[in-house]
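# Observations on chain architecture
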Amino acid sequence: MSKNSEYLIERENKQYEVIIGLEVHAQVTSESKLFSQSSTKFGAEPNTQVSLVDAAFPGMLPVINEFCVEQAIKTGIGLKAIINKKSVFDRKNYFYADLPQGYQISQYKYPIVGEGKVILDMPNGQKEIGIERLHLEQDAGKSIHDIDPNNTLVDLNRSGVALMEIVSKPDLRSPDEVNVYIKKLRSIMRYLGTCDGNMQEGSLRADVNVSVRLKGETEFGTRCEIKNVNSIKFMQMAIISEANRQIDLLEEGKDIDQETRLFDTKRNETRSMRSKEDAHDYRYFPDPDLLPLEISQELIEKIKSDIPELPDEKKKRFIDKFNLSPYEATILVSDIETSNFFEEVIKNSDVKLATNWITGELFAVLNEKNLEISQSPVSAKNLSKLINLIKDGTISGKIAKTVFEQMIDGDQDPFIIVKEKGLKQESDPKAIEELINKVIENNSDKVAEYKSGKDKLFGFFVGQAMKESKGKGNPQLINKILKEKLNG
Amino acid sequence: MSDITSQSLFELTSNIKEKKLSSGEITKAFIDHAEKSKKLNVYVTDNFEKAIDQSKKFDSNPNFDLKLPGIPIAVKDLFCTNGVRTTAGSKILNNFVPTYESTVTQNLWSQGAILLGKLNCDEFAMGSSNETSFFGNVQNPVGENLVPGGSSGGSSAAVAANLTPVTIGTDTGGSIRQPASFTGTVGLKPTYGSCSRYGIVAFASSLDQAGPMTKNVRDCSMLLEVISSFDQKDSTSIDYKRNCYSKELSKDIKGKKIGIPKEYRVDNMPDEIEQLWKNGISYAKDCGAEIIDISLPHTNYALPTYYIVAPAEASSNLARYDGVKYGFRSPGQNLIEMYEKTRSEGFGDEVKRRIMIGTYVLSSGYYDAYYLKAQKVRQLIKKDFDDAFSKVDAILTPSTPSSAFKIGEKTNDPVSMYLNDIFTVPINLAGLPGISIPAGKDKNNYPLGLQVIGKPFDEQNILNISYALEDKINFKNDISDWWLSE
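Residues numbered from 1 in each chain as written. Chains lettered and ligands numbered in written order. Predicted model: local features only at pLDDT ≥ 70, side-chain atom pairs only at ≥ 80, totals over all residues.

### Comments concerning the overall build of chain B
Using the following cut-off: What counts as a helix is a DSSP run of H or I of at least four residues, what counts as a strand is a run of E of at least two, and both are numbered from the N terminus. What the globule rule says is 2.2 Å times the number of residues to the power 0.38, and the radius of gyration is computed from C-alpha atoms. With C-beta atoms placed from the backbone, a residue is buried if 20 or more other C-beta atoms are within 10 Å of its own, exposed if 12 or fewer are, and partly exposed between those counts.
The number of helices and strands found in chain B is 15 helices and 11 strands. Expected size for 486 residues packed as a compact globule is a radius of gyration near 23 Å; at 21 Å, chain B falls within 12% of this value. Overall, chain B is about 65 × 55 × 45 Å in size when its C-alpha atoms are taken along their principal axes. Out of the 486 residues belonging to chain B, those deemed buried represent 59%.

Right, dumping it as structure tokens:
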């Protein structure tokens, strides 16, 4: 990154750098839980998706869901990471009402996936973020404190759901990078179908590690971990607030305590949850109910052969094959649904126009209506028809916008709109000449002014001619004939 | 025909198949005997009414192809039984009724057996005398105020006192073999992975195994055949070809190499145990076996290793008994207070002691010195056996360093209690099969057992050796019915 785009926090002639590492908890896309056959469907009635294993009844034993293991391997491959052929499930012991076993089955010393990387497309170039590891673990249930005034209620539907914890190296340096990193991670997993990345449903959450140091310093400062932040916006707010808190302490000559903190979204500040001294002793040890997880090279190869084209590769192809700018390509590949939509549109229509229409008009509508591209009110099929109408000169770009506005209402076919409303572009030179003659006749004073050197008036004549044609006149033709008439 | 309750499983199944006895008659005989035997305190929960109904049902439509046709069987209260209270000998599960069945007990019912009831045991199988049970001591039918061993003490007493034809126990460090030895009965701990752990209240997952407890070796082979099965619900269950143990049972052990480990000659071992072992060796020779002196050099470390590994796993396994979901709850002002009160009141002293030890050895700063080191020693112990089994087919040792002791004698001295398991724990640590058979008596006329240890999955071999020795030893358990009441 170039110097001028560095994210630094200034204090009396001093500049502080912010060091960020993320532990992202991504829910594995799977019908059933990590160690039981209960459903993982979101939004079910409380405690309706709970097996005897999930509720930790006496004598119940975990049995690994192989599909979740394959999903983790797939994600590891997507992160260009090492897949560990042998990994171990450990018990992380602690007491809580929504943790029925009294321990969480996780992976501690030997995770299923080792080091990898994620490439970020930042405005001034690419940046590589290291992945430390990815491991599989069970989610806990949910404690609900606000239904009953005297009791905490527990919903175990989530208990035992498979999570991937993806730990980054402390390579992130700004809230912007965190934004791009999370989106990229989410994009890769959505391409792979291993996590839906739905933050509203809690499918993607993160623990954020923050430390600060004076610019130029090479040692890391003491870090604090902000637990369980569930949106990118809150992650960014938490980082800014936490970094400033730490800098304030340093400026006052105080030490930073290594601790776990919580982000209070209402007050926009972090507060201490527990200090290092109070840290849980989780007493990790290998779960004796489960054998070490052994993965064959054949399985890894089989999964590799099923890996779809990922965002980085797709971007390269879009640039090489379709001559898109890196910026356009980045936008179009950022989400698998968007790139699928784009590729569907360009099957039968012009790439350049498709790029402009999707990133322009369509995105504007989606933004305005707060919709995902999968909910697009205009289908790829009809958008490609519209583009073809522009391309073959049936309608002008301007008319196309009018047509598009109507298409939004129920995904209407542009052919029908153009036909019914008579919006077909007027491209008959004689007809154009006729209406231009009319404009010249009606504006003889302006013609005189133009001829005496007021060139700017040309636009006025174009506008009048377009108005005369009710917007349907072929702009190129109007230009051409007007020039001939006025200059001739 | 001898009294019904004193018949072996083999005799009862033969009599049922030959229609000399009905399931109803047999079931009623055991229930009647139990009604008069309450003083032994073997039952935590009886299932008598349902058992009578089920025996009638069997008799109305008998299936003689089954391996346990209409045979009533009581089981250790560590096996979860669908609709029948399962306590694990603990107050914390006093009111717990499972809605599911353990795989091992399901295997019994699938072969025609009928549940008589749930047998007393040490709390969460932690104990060697049945004295840690919330439901009180079990009397050893061998003599009044004598412990029946543990943790499967209710099971061993029930078999010895003819209150069930056979039973199943669980063995984490000797909990089948030691009580068998104390009561003059046969008890086998199968290879780890042979019997499913699904539905068995867990003590130490890497050591726990269910196994048969019977009057004789043949019954033992018949029962093992039924309960041993591969089970996908237990990730540590092993898929291998299991023998028809009873069909292949044979006294021909000619040429078998039997190892005698010198390290099992412990300090202060009573002379009568030494003599018992010598007798066993000479019987084996008489049967044509070859006796070979072997060394298991890490034997001394087995007990301390066991008392790190087992409590470590137990401390985590028992975390689920927290008063939140099922079982006993003592209310508190907040979650922490509820936990503290529930677990303080719900668990007994021995369980708490082991949870404390386990929590300690897993704590950061102690993990490497205790748990990790114990795991390494466990590998060395395993390797001792691997090396020995390259030279011999089986190993013969005493089952316990002493005979049954008096109730209360060792309750204030946990270490002396733990020493009871000195000959049995190495077998669990190594995951091997081991069987205890009655082999003699001490000066008080209390039974003593010999243990035969086998290679992994070689249950057939140790059953055969035991079968041959049993024949030579010709042990008679003379139990007077001192406890009977009208």
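After that view, the rundown keeps rolling.
### Topic: the domain arrangement of chain A
Residues and elements named next belong to chain A. The line we're drawing: Domain start and stop points were drawn from an automatic or database domain assignment. Once C-beta atoms have been placed from the backbone, residue pairs whose C-beta atoms lie within 7 Å are recorded as contacts. Only Asp, Glu, Lys and Arg are considered charged, only Ala, Val, Leu, Ile, Met, Phe, Trp, Tyr, Cys and Pro nonpolar, and every remaining residue, Gly among them, polar.
Annotation of chain A at the domain level lists domain 1 (3–303), domain 2 (309–420) and domain 3 (429–487). Measuring from the centre of the C-alpha atoms in domain 2 to the corresponding centre in domain 3 gives 33 Å. At the junction of the two partners, domain 2 supplies four residues and domain 3 supplies four residues. Of the residues contributing to the side of domain 2 that touches domain 3, the split by class is one nonpolar, two polar and one charged.

### Some points on the sheet that holds strand E7 (residues 257–261) of chain B
Residue and element names in this part refer to chain B. Formally: One bridge is not enough; two strands pair if DSSP finds at least two bridges between them. For every element, the axis is a line fit to its C-alpha atoms; helices are fit only across the contacting stretch, and the angle between N-to-C directions ranges from 0 to 180 degrees.
A sheet is described by the order of its strands in space; here eight strands give the open sequence E4-E6-E5-E10-E11-E9-E7-E8, paired in mixed fashion. In the strand order of this sheet, the two ends are held by strand E4 (167–171) and strand E8 (290–294), each with one partner. Here the strands of the sheet are splayed against their neighbours by 30 degrees on average, with no regard to which way each runs. Summarising the sheet, strand E5 (residues 186–189) and strand E6 (residues 209–214) pair through two bridges and their orientation is antiparallel. Its bridge partner lying in E6, Val186 is registered against Thr214. Along the sheet, helix H15 (residues 459–473) contacts strand E9 (394–398), strand E10 (434–441) and strand E11 (447–454); its crossing angle with E10, the most-contacted strand, is approximately 10 degrees.

### So, the packing of helix H2 (residues 175–192) of chain A against helix H3 (residues 232–251) of chain A
If you want to describe how two helices pack, look at the angle between their axes and the distance between the axes. Residues and elements named next belong to chain A. Under the convention used in this document: Orientation labels follow simple angle bins: below 35 degrees gives roughly parallel, above 145 gives roughly antiparallel, 65 to 115 gives roughly perpendicular, and whatever is left gives oblique. Helix crossings fall into two classes, left-handed where the near helix is turned counterclockwise from the far one by less than a right angle and right-handed where it is turned clockwise.
Across the interface, H2 lies against H3 with an axial gap of 9 Å and an inter-helix angle of 155 degrees. Regarding the angle of H2 to H3, the classification is roughly antiparallel. As for the relative orientation of H2 and H3, their crossing is right-handed in sense. Of the residues in H3, those touching H2 at Pro175, Val178, Asn179 and Ile182 are Ile232, Met235, Gln236, Ile239 and Ile240. In terms of residue class, the contact of H2 with H3 is made up of seven nonpolar, two polar and no charged.

### Structural notes on the interface of chain A and chain B
With 24 residues of chain A at the interface, the matching set in chain B holds 32 residues. A per-class count over the side of chain A that touches chain B returns 16 nonpolar, four polar and four charged.

### Looking at helix H1 (residues 66–78) of chain A
Residue and element names in this part refer to chain A. Heads up, the condition is: Any helix carries an expected span of 1.5 Å times its number of residues minus one.
Here H1 contains 13 residues, and its C-alpha end-to-end distance of 18 Å stays within 8% of the 18 Å for a straight helix at 1.5 Å per residue. The set of residues buried in H1 consists of Cys68, Val69, Gln71, Ala72, Ile73, Lys74, Thr75, Gly76, Ile77 and Gly78. Against the buried residues of H1 lie strand E6 (116–122), strand E7 (125–138), strand E10 (162–168), H2, strand E16 (293–294) and helix H4 (297–305). The positive-phi residue at the C-terminal boundary of H1 is Lys80, with phi of around 55 degrees.

### Description of unusual backbone geometry
Of note, the bond from B:Gly150 into B:Ser151 is cis; its omega dihedral lies within 30 degrees of zero at 5 degrees. Counting through the fold element by element, B:Ser151 comes out in the loop between strand E3 (114–119) and helix H5 (153–160). We note that A:Asn13 has phi near 65 degrees; this positive angle belongs to a residue other than glycine. Among the structural elements, A:Asn13 can be located in the loop between strand E1 (8–11) and strand E2 (14–27). Note on A:Asn13: 5 C-beta atoms within 10 Å, which makes it exposed. One non-glycine residue with positive phi stands out, namely A:Lys470, at about 60 degrees. Counting through the fold element by element, A:Lys470 comes out in the loop between helix H14 (458–468) and helix H15 (475–487). With 12 C-beta atoms counted inside 10 Å, the residue A:Lys470 sits in the exposed group.

### Let's talk about the environment of A:Asp54
With respect to the secondary-structure elements, A:Asp54 resides in the loop between E2 and H1. A C-alpha to C-alpha distance of 8.8 Å links A:Asp54 and A:Lys33, two positions 21 residues apart in sequence.

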